[in-house]
Amino acid sequence: MGLRRHTNLASYALGSVVKYRSRSTIIVLGLIVSVTLLCSVEFIRDGVVLDLSASLEEGPDIIIQRLEAGRQALVPLSWKETVSSIEEVRVSTPRVWGYMDAGNGKLLTVMGVNVTEYSDIFGAVGTTILSTGRFLDANMTGELVIGQGIVDLMNSAASPVTIGVGSEIQLIDYQGGLVPFEIVGVFSTESKIHSYDMVLTDIVSARGLFGVNVSACTDLAVWIDAGSNTDSVAFIIDSSLPQSRVLTQEGIRSASLRSYESQAGLVGLLWTVILMSVVLLAFAASSAGSDEARREVGLLKALGYDTMDVLEIRTIESLVLGFIGANIGISTAIVFDFVFGAPLLANYLLGWDLVLLNGGLPLVISVEAVFGAYFVSVIPILVATVIPAWRNAITEPDSVLRGL
Amino acid sequence: MTEYLIQAEGLWKTYGAGGPRQVDALRNISLEIERGKCTAIAGPSGSGKTTLLSILGLLARPSRGRLSIDREEVSQVSEVFRTRIRRENIGFVFQAQYLIPRLTAVDNVVIPQLCTDVSRREAGAAAQKILVQLGLESRAEFPVEQLSGGEQQRVSIARGLINSPRVLIADEPSASMDDVLITELLSLLREMSNQRKMTVVVASHDPRVLDWSDTIYSLRNGELAEKR
């Protein structure tokens, strides 16, 4: 079959898209809304996953907490010895952490670490110090290294404050007293959510801030030997310490994503409803649901069009509508997420205090999300229009034309 | 020697076969259509004229019987082959016209050529030429729903003629036309029939069309009642 014939059929198909412009517009608009919604959620989801992964990469392999009557309680330092005695455990170090008001109602995560042990762990959060600063000194107290997010937060406050290496800030301790700290370094992190608002200090100073006694800590951070099985080590710890709650990286990842997924599920439901409406509309307007479209197929067959010609026309129509809807939908989602920061949707999905996220949402455009958007917009429309057309095209033209 | 283009033998068309609403639309029809001549199928409404035209035009298959075009049996051949025969040899003028709304007259007329290797421009030029012959040059770019019933009928005729078919099958082509237009149409069809050796098969109960025909087959209740 010659190229001219294909060109003619494509021309006819494009003419049909224009001819039924109201139907085409409604289908494209429906696709734009559903694809925008889908992609916005997926870009955020992929960003959250990446952010979480980055954060977990910088964190310990296992975190050990203690539960008392089902509630989290302080961990006795004696546990450290028990955990360290396990063969595969490389480092077990106590942490004292809590949340602290930054002065404008926003909470910072202040974490006290054993500086000697912590600074030896390659890639741990807070150890990648930017420019002129340094990490905490094991012999000093009252020092801070802060995440870039804190610098951004202060800079973008209503009354901007520029802080950096050498700045002195005061934090409020558990008794309401002001405790002076000196910032000795600013660290960078791949995470924009989980580690972005973090402040690191020595464990002694953290104990003073939060009123934690010297024989206890908030949790134990555990790094295991390369190649060891995290779940096996976690099982041994869990068996050795009956009051413990042992969280592996994977467990934290699952728990964090679960809270996100429950929100995203509702958006997904909404997206599905919109897409189904579009598909039903396409189906109703196709040769199955519309007398006019059905007769058109019968007429084309009567005038000498092969079944494949009819399918080619309907396929081109569907692809044009599907790709227009998908392209504009994806573009709108990019603008909505990356330029406007996904207003309302991000708050609903993430549930965190996004004011902290001065670096913007953690967004990722993944090939899977884009491919998925094309797939869910093109394939259903294709099926909803081509299959009814095919059914009519293989029926006797006389029966189709006369509606027999 | 008389040369027949279409030969039908013992054609039956049954709808709802075996069911409580079984209808024999055609019963044992045998006829011969002479090449290059104008043949009319006459009969009252419901006599089976449209069904017979559909079978002769390969739009429907007979339930029983044989149909040959150019001495080739076509009632049982594949749909692909029947489609090709329709595309290359048969033009249609439907009673209900089946023009595609929102398309212009010329866009409707070119439709049969879009599934061929003729370019859109050539098809458009051919359509314009036929529309001129049918007195529609000033209405060529009008959407068909803005045309009168008679104009729509002529667009439908132009569409049936654009592929220069060997057979034109027309169901009530004179409907919605005044006397002058009917006379012009019949004279045009006769001229094309003579020039191109085009065979015309017309279903009609219009006396002017019947008078114009070379042969008339009359149907009554799905049966062939008379040949003149």
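The structure we're discussing is the one just above.
Our subject in this report is the structure included herewith. Quick caveat: nothing in here was measured; it's all calculated off a predicted structure.

So, about the overall build of chain A. Counting its secondary structure elements, chain A contains 13 helices and 12 strands. Taken against the 2.2 N^0.38 rule, which gives 22 Å for 404 residues, the C-alpha radius of gyration of chain A at 30 Å runs more than 25% over that of a compact globule. Here the C-alpha coordinates of chain A stretch approximately 95 × 50 × 40 Å along the principal axes. When the 404 residues of chain A are sorted by exposure, 51% land in the buried category.

All names here are of chain B. Read across the sheet, six strands follow the order β6-β7-β8-β3-β9-β10 without closing on themselves; strand pairing throughout is mixed. Single-partner strands in this sheet number two, and they are β6 (90–93) and β10 (223–227). On average, adjacent strands in this sheet sit at an angle of 20° to one another, irrespective of strand direction. Of the strands in this sheet, β3 (38–42), β6, β7 (167–171), β8 (199–203) and β9 (215–220) touch helix α1 (residues 49–56), which is tilted by about 160° from β7.

Turning our eyes to something else, we now look at the interface of chain A and chain B. Each partner contributes to the interface: chain A provides 26 residues, whereas chain B provides 32 residues. If you sort the residues of chain A by the area they bury against chain B, A:Asn8, A:Lys19 and A:Leu303 come out on top, with a joint share of 22%. Counting the contacts that link chain A with chain B gives four salt bridges. Linking A:Arg4 and B:Glu122 is a salt bridge whose minimum nitrogen-to-oxygen distance equals 3.9 Å.

With that out of the way, let us pick up the pattern of salt bridges. Within this structure, the stated rule accounts for 30 salt bridges over all chains. For the salt bridge of A:Lys19 with A:Glu296, the shortest nitrogen-to-oxygen distance reads 3.3 Å. Placement of A:Lys19 in helix α1 (residues 3–19) and of A:Glu296 in helix α9 (residues 291–302) is noted, with a sequence separation of 277 residues between them. A:Lys19 sits in the buried class, given a relative accessible area of 6%. Connected via shared salt-bridge partners are A:Arg5, A:Asp306, A:Asp309 and B:Arg87.

Let us now look at helix α3 (residues 105–114) of chain B. The buried count for α3(B) comes to nine of 10 residues, which makes it a mostly enclosed element. If you check which residues of α3(B) are buried, you get B:Ala105, B:Val106, B:Asn108, B:Val109, B:Val110, B:Ile111, B:Pro112, B:Gln113 and B:Leu114. Contact partners of the buried residues in α3(B): α1 and α9 of chain A together with α4 (120–133) and α5 (149–161) of chain B.

With that settled, the discussion passes to a nonpolar patch on the surface. Together, A:Val367, A:Phe371, A:Phe375, A:Ile379, A:Val383, A:Ile387, A:Trp390 and A:Ile394 make up a nonpolar patch on the protein surface, roughly 800 Å² of accessible area in all. One can find A:Val383 in helix α12 (residues 367–393).

Residues and elements named next belong to chain A. Orientation of helix α10 (residues 307–339) relative to α12, taken along the N-to-C sense of each, is 155°, at an axis distance of 8 Å. Classified by the angle between their axes, α10 and α12 sit roughly antiparallel to one another. At the point where α10 passes α12, the crossing takes the right-handed sense. Residues Thr307, Val310, Leu311, Arg314, Thr315, Ser318, Leu319, Gly322, Phe323, Ala326, Asn327 and Ile330 of α10 form the contact with α12, whose participating residues are Val370, Ala373, Tyr374, Ser377, Val378, Ile381, Leu382, Thr385, Val386, Ala389, Trp390 and Ala393. Here the residues of the contact of α10 with α12 are counted per class, giving 16 nonpolar, seven polar and one charged.

Once that is clear, we can look at the sheet that holds strand β2 (residues 23–34) of chain B. All names here are of chain B. Across the sheet, four strands lie side by side as β2-β1-β4-β5; this open sheet has antiparallel pairing. The sheet is open, and its two edges are formed by β2 and β5 (72–73), each paired on a single side. One ladder, built from eight bridges, connects strand β1 (residues 4–15) with β2; its direction is antiparallel. Looking across to β2, one finds that Gln7 is bridged to Glu32. Here α1 sits on the sheet and contacts β1, β2 and β4 (64–69); the angle it forms with β2, its principal contact strand, is near 55°.

Below, the discussion takes up the side chain of B:Thr104. Residue and element names in this part refer to chain B. Considering the arrangement of structural elements, one finds Thr104 in the loop between β6 and α3. Here the side chain of Thr104 touches Asp107 through a polar contact of 3.1 Å, landing on its backbone nitrogen. The residues contacting Thr104, other than those within four sequence positions of it, are Ala140, Glu141, Phe142, Pro143 and Val144.

Time to look at the packing of aromatic side chains. Describing an aromatic ring pair means giving the distance of the ring centres and the angle of the ring planes. Under the definition given, this model contains eight aromatic pairs over all chains. Here the aromatic rings of A:Trp97 and A:Tyr99 are separated by 5.9 Å at their centres, their planes lie at 75°, and the arrangement is edge-to-face. For A:Trp97, a relative accessible area of 22% puts it in the partly exposed group. For A:Tyr99, a relative accessible area of 53% translates into the label exposed. Clustering of aromatic rings is evident, with ring pairs tying together A:Tyr118, A:Phe135 and A:Trp223. A cation over a ring is seen here: B:Arg64 above B:Trp12, with NZ or CZ 4.3 Å from the ring centre.

A few words on the packing of helix α2 (residues 21–58) of chain A against α10(A). Residue and element names in this part refer to chain A. The geometry of α2 relative to α10 is characterised by a closest axis approach of 7 Å and an angle of 40° between their N-to-C directions. When the axes of α2 and α10 are compared, the pair comes out oblique. As α2 packs across α10, the resulting crossing turns out to be right-handed. Across the contact of α2 with α10, the residue classes tally to 17 nonpolar, seven polar and three charged.

To continue, consider the pairing of strand β8 (residues 178–187) of chain A. Residues and elements named next belong to chain A. Relative to β8, strand β6 (residues 143–147) runs parallel, the two sharing five bridges. The residue of β8 that forms the bridge with Val145 is Gly185. When strand β7 (residues 168–172) meets β8, the two strands line up antiparallel, connected through five bridges. Across the sheet, the residue bridging to Ile172 is Leu178, located in β8.

Here A:Thr116 lies in helix α4 (residues 115–119). On a C-alpha basis, the gap between A:Thr116 and A:Leu344 in space is 44 Å, while along the polypeptide they are 228 residues apart.

Moving on, we come to the environment of B:Thr183. Residues and elements named next belong to chain B. The topology assignment puts Thr183 in helix α6 (residues 179–196). Assessed through its relative accessible area of 53%, Thr183 is described here as exposed. Separated by 25 residues in sequence, Thr183 and Arg208 have C-alpha atoms that sit 8.4 Å apart.

Attention now goes to the pairing of β10(B). Residue and element names in this part refer to chain B. Relative to β10, β9 is paired through four bridges, and the arrangement is antiparallel. Its bridge partner being in β10, Arg220 is matched across the sheet by Glu223. Linking two consecutive strands that pair antiparallel, namely β9 and β10, is a turn of two residues; a positive phi of about 50° is found at Asn221 within it.

Looking now at unusual backbone geometry. Residues and elements named next belong to chain B. Although it is not a glycine, Ser164 adopts a positive phi angle of roughly 50°. As for its position among the elements, Ser164 is in the loop between α5 and β7. Even without being glycine, Glu172 reaches a positive phi, approximately 50°. For Glu172, the position within the fold is in the loop between β7 and α6. Looking at Glu172, the relative accessible area reads 8%, which means it is buried.

The rules behind these values
- Residues numbered from 1 in each chain as written.
- Chains lettered and ligands numbered in written order.
- Predicted model: local features only at pLDDT ≥ 70, side-chain atom pairs only at ≥ 80, totals over all residues.
- Heavy atoms only, no water.
- Helix = DSSP H or I, 4+ residues; strand = E, 2+ residues; numbered from the N terminus.
- Rg over C-alpha atoms; globule rule 2.2 N^0.38 Å.
- Buried < 20%, exposed > 50% of the residue type's maximum accessible area, 1.4 Å probe, protein only.
- Pairing = 2+ DSSP bridges.
- Axes fitted to C-alpha atoms, helices over the stretch in contact; angles between N-to-C directions.
- Contact = heavy atoms within 4.5 Å.
- Buried area = accessible area lost by both parts, 1.4 Å probe.
- Salt bridge = Lys/Arg side-chain N within 4 Å of Asp/Glu carboxyl O.
- Patch = residues over 30% accessible without salt bridge, like charges linked within 9 Å, V, L, I, M, F, W, Y side chains within 5 Å.
- Areas by Shrake-Rupley, 256 points an atom, 1.4 Å probe, with all protein chains shown as cover.
- Parallel < 35°, antiparallel > 145°, perpendicular 65-115°, else oblique.
- Left-handed = near helix turned anticlockwise from the far one by under 90°.
- Nonpolar A, V, L, I, M, F, W, Y, C, P; charged D, E, K, R; others polar.
- Polar contact = N/O pair within 3.5 Å; in protein donor to acceptor, adjacent residues only side chain to side chain.
- Phe/Tyr/Trp six-rings, centres within 6.5 Å; stacked < 30°, edge-to-face > 60°.
- Lys NZ or Arg CZ within 6 Å of the ring centre and 35° of its normal.

Keep in mind these numbers describe shape, not what the thing actually does.
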